[in-house]
Each structure stands twice: as C-alpha cells, then as structure tokens.
Amino acid sequence: MKLLEFTDKFPDEQSCKEAFKAYRLKQGIVCKKCGGTHHYWKKNREEWECKKCQHRTTLKSGTVMQSSKLPYQYWFIAMHLITSTKKSFSAKEIQRQLGHKRYEPIWSMVHKIRSVMGLRDDEYQLKDQIELDEGFFETVSITRDKSEPLKRGRGSQRQTTVLVSVESKDAGKSHNPKKHGKTKQVRYLKMKVVESLKKEEIGDAVKKNVEKGAKITSDKSTSYVDLDQDFEMNSKVIPKKEIPKALPWVHIAISNAKRLLLDVHHRIDDDFLQNYLNEFCYKFNRRYFGDLFDRLLVAAVSYRWNYLGETHG
Ligand SMILES: [Zn+2]
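Residues numbered from 1 in each chain as written. Predicted model: local features only at pLDDT ≥ 70, side-chain atom pairs only at ≥ 80, totals over all residues. Heavy atoms only, no water.

Caption draft 1: Region of the structure containing the coordination of the zinc ion. The protein atoms that coordinate the zinc ion are Cys31 (SG), Cys34 (SG), Cys50 (SG) and Cys53 (SG), at distances of 2.3 to 2.4 Å. For the zinc ion, the four donor atoms in the first shell make angles of 100 to 114° at the metal, so the coordination geometry reads as tetrahedral. Mapped onto the polypeptide sequence, the residues donating to the zinc ion form the spacing pattern C-x2-C-x15-C-x2-C. (Donors = N, O, S within 2.8 Å, 3.2 Å for Na, K, Ca; no water. Tetrahedral: all angles 85-135°; square planar, octahedral: opposite > 155°, others 65-115°.)

Caption draft 2: Representation of the packing of aromatic side chains within the structure. Per the counting criterion, the structure on display carries nine aromatic pairs. An angle of 55° between the planes, with centres 5.3 Å apart, marks the rings of Phe20 and Tyr72 as tilted. Remark: Tyr72 occurs in helix H3 (residues 72-83) and Phe20 occurs in helix H2 (residues 13-27); sequence separation between them is 52 residues. The two residues Phe20 and Tyr72 agree in class, both being buried. (Phe/Tyr/Trp six-rings, centres within 6.5 Å; stacked < 30°, edge-to-face > 60°. Helix = DSSP H or I, 4+ residues; strand = E, 2+ residues; numbered from the N terminus. Buried < 20%, exposed > 50% of the residue type's maximum accessible area, 1.4 Å probe, protein only.)

Caption draft 3: The arrangement of the domain arrangement of the protein in detail. You can read the domains of the protein as domain 1 (3-121) and domain 2 (129-142 + 153-280). Distance between the C-alpha centres of domain 1 and domain 2: 32 Å. Tallying the contact residues gives 13 residues for domain 1 and ten residues for domain 2. Counting each side, the surface lost to burial between domain 1 and domain 2 is near 1,100 Å², with a carbon and sulfur contribution of 55%. Counting the surface domain 1 buries against domain 2, the share from its top three residues, Ser88, His111 and Arg114, is 42%. Across the domain 1-domain 2 interface, the total number found is two salt bridges. Linking Lys87 and Asp263 is a salt bridge whose minimum nitrogen-to-oxygen distance equals 3.9 Å. Where domain 1 meets domain 2, there are five residue pairs in polar contact (both at pLDDT 80 or more). With seven residues, the single largest contributor to the side of domain 1 that touches domain 2 is helix H5 (residues 103-121). A class-by-class count of the residues in the side of domain 1 that touches domain 2 yields four nonpolar, five polar and four charged. (Domains from an automatic or database assignment. Contact = heavy atoms within 4.5 Å. Buried area = accessible area lost by both parts, 1.4 Å probe. Salt bridge = Lys/Arg side-chain N within 4 Å of Asp/Glu carboxyl O. Polar contact = N/O pair within 3.5 Å; in protein donor to acceptor, adjacent residues only side chain to side chain. Nonpolar A, V, L, I, M, F, W, Y, C, P; charged D, E, K, R; others polar.)

Caption draft 4: Region of the structure containing the sheet that holds strand S2 (residues 47-50). The strand order across the open sheet built from three strands is S1-S2-S3, with neighbouring strands paired in antiparallel fashion. Because the sheet does not close on itself, it has two edges, and the strands there are strand S1 (39-42) and strand S3 (56-58). The mean angle between the axes of side-by-side strands here comes to 25°, regardless of whether they run parallel or antiparallel. Where H2 meets the sheet, it contacts S1, S2 and S3, and its direction lies at approximately 25° from that of S2. (Pairing = 2+ DSSP bridges. Axes fitted to C-alpha atoms, helices over the stretch in contact; angles between N-to-C directions.)

Caption draft 5: Inspection of the nonpolar core at higher detail. Residues Phe76, Met79, Ile94, Met109 and Met191 are the most contacted members of the largest nonpolar core, which totals 70 residues. The leading source of residues in this core is H5, at nine residues. Looking at this core, you find at least three residues from each of domain 1 (3-121) and domain 2 (129-142 + 153-280). Setting aside its immediate chain neighbours within four residues, Met109 contacts Leu70, Tyr74, Trp75, Ala78, Ile94 and Leu98. One finds Ile130, Leu132, Leu163 and Ala214 within the second-largest nonpolar core, a separate group that totals 14 residues. (Core = buried A, V, L, I, M, F, W, Y, C linked by side-chain atoms within 4.5 Å.)

Caption draft 6: Structural context of the pairing of strand S4 (residues 129-142). In terms of residue burial, S4 counts as a mostly covered element, since ten of its 14 residues are buried. Bridging between S4 and strand S7 (residues 215-219) involves four bridges; their strand directions are parallel. Its bridge partner being in S7, Gln129 is matched across the sheet by Lys215. Where S4 and strand S5 (residues 155-170) come together, 13 bridges link them in antiparallel fashion. The partner of Asp133 across the bridge, within S5, is Val164.

Caption draft 7: Representation of the sheet that holds strand S6 (residues 184-194) in the model. In space, the five strands of this open sheet follow the order S6-S5-S4-S7-S8, with mixed pairing throughout. Each edge of the sheet is formed by a strand with only one pairing partner; in this case those strands are S6 and strand S8 (232-236). Within the sheet, the average angular offset between the axes of one strand and its neighbour, ignoring direction, is 30°. As paired elements, S7 and S8 share five bridges and run parallel to each other. Directly across from Asp219, in S8, lies its bridge partner Lys236. Lying over the sheet, helix H10 (residues 273-285) contacts S4, S5 and S6, oriented at roughly 165° with respect to S6.

Here it is in structure tokens:
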C-alpha cells in the first residue's frame, strides 16, 4: 500500500481498531468454549458475547495482538512498514519511526508479526519439482532464561542449519537462459531452521514442507537417504561448479536471504532466525501478489503468534 493511501485509510487509533474488528468479523468469531459462531457485540466492553454460552471474546483474543498493550495503530504501522519494502525493517528502526520509548514491546510485536507470516506459509506445501539443500547461517547463540527472551547475555558465534526447499521447474523452450540467466523458473520457497542434519529430522521437515510424490533434486547427502519412500528422488553428487545449474534457485535464495538479513539485522540471534526467514519467504512467495498489507492483516487476525516453534491455539 502506498504511504498516502495508508495514512488516508488509517489516520488514527480508532480507524485501525475498526478495521481490525471488521477483518475479524469477516473471518468469523468462534467461541472458544462452545464453538458457537453467533455473538453479540458488547460495545461498552469492546468484546463479543457468545449467544449460546455467554463466553466472552475480546477484540484481540485469538489474534496476533492477544495480550499486547500496544495501540492498534502501532501494529498497523509496523505491518505497513514491513510489507512496503522488499527488504525489511529492524525492530530498532520501527521503534524509532513510532517514537516509542521502550524497545522490548516493539521488538516483541515485530517478531509476532514475522511468526504469523510463518504460520500462514506453513499452510501450503511445495509440489511438483523441488530443489532441496541446506544453508548455513551465521548466528549468535545466547544463553538465556527462555522466560526472558530479551535478557542480553553473552553470545557465541555459531552456524545455524537451514533446510531450504524451492519449487522450481524447467523454464521451457520459450525461455532464453542467455537473457534470463537461469534454466529454471522459481515459484515458492521454504526455509526451515533444523537442529541437525540427522536423516530423521530432515525427513520430517521435508515431509511437512513438500507434497508427497514431488520430484526432489538434491545433492547426495546421507540426510536424504530415507526420502525416496515418499518422493521421487533425483540426488547425485554435484560438483561445485555444477551447482548453479543443478540447484540454481536454492542457492540464489540462500545468498539473497543472507545478504538481506545481514544488511538489516547485523547480528542474528539463533533463537529468532526462523522468524527472519519467515518474513523473507513470506514476501518472496508473494512477490507477484501486489499489496501485501491486507493479506498480512488477514493473517494477523487469523493466528495467534507462535513463539519459538510452539504452536498456540
Ligand atoms: Zn459459546
């Protein structure tokens, strides 16, 4: 969305709140207690009351904003900034733009937004022809009490492994590789942080991300040995100079993601790498979709955020 259009549509807190409510109503309010879908709107309390069991649902509950004390307008501005660029904004920069005193709530808001982007993409599996490989991202590992994710401890450098799968297909005869560079065209991609390259873990991650029966091209790796039960595997030892031809998009995606992350965030905390990748993939997968703000807002009212891989209702 263009900036003027955004400020025109959402000039203040009230307009953001009303839009948020309208988006929720469009999704439908479902009572957490009895599953009822008919509600009264209690204007003075700004919550819905189930017609069947009287259970109340606040405007924010069950959405990304649940338990947030920040104004709706902050969330809208943050979502606008994040979707208005192919690159990204650091939480620090968004804090500066909002002129908010404290960093932590802004940091947390931005990560919740990224987490919702990941949940949205998790609803889709890649299919047909897949390129698969691992990337290694420089991160910082911070020893911390998990209940206090922001406590700054000393960090040690490490490499975090990311499983990258890309849906790509042969570009076809009409495609001129001299002009367009690649012999394959890319559609969607997924990047998932994995703890290890153990075949069980990789197997699970691939099955989650790729539709059964898809044709997977990969380097020959012991991590992939079990995949041929569910997928059509085309894995061979690929000499380094052949990689750009055999797995072009997976490597372009990895280097673009690394460059972007480093450029915007400098130091990546390994606990939150997945969230940064969520944002990267979400935008990449929707690069031809036009306005992403509306889509992100739909996701924001549809999901509760997902903290460090735990799924909340
Ligand atoms: Zn109910």
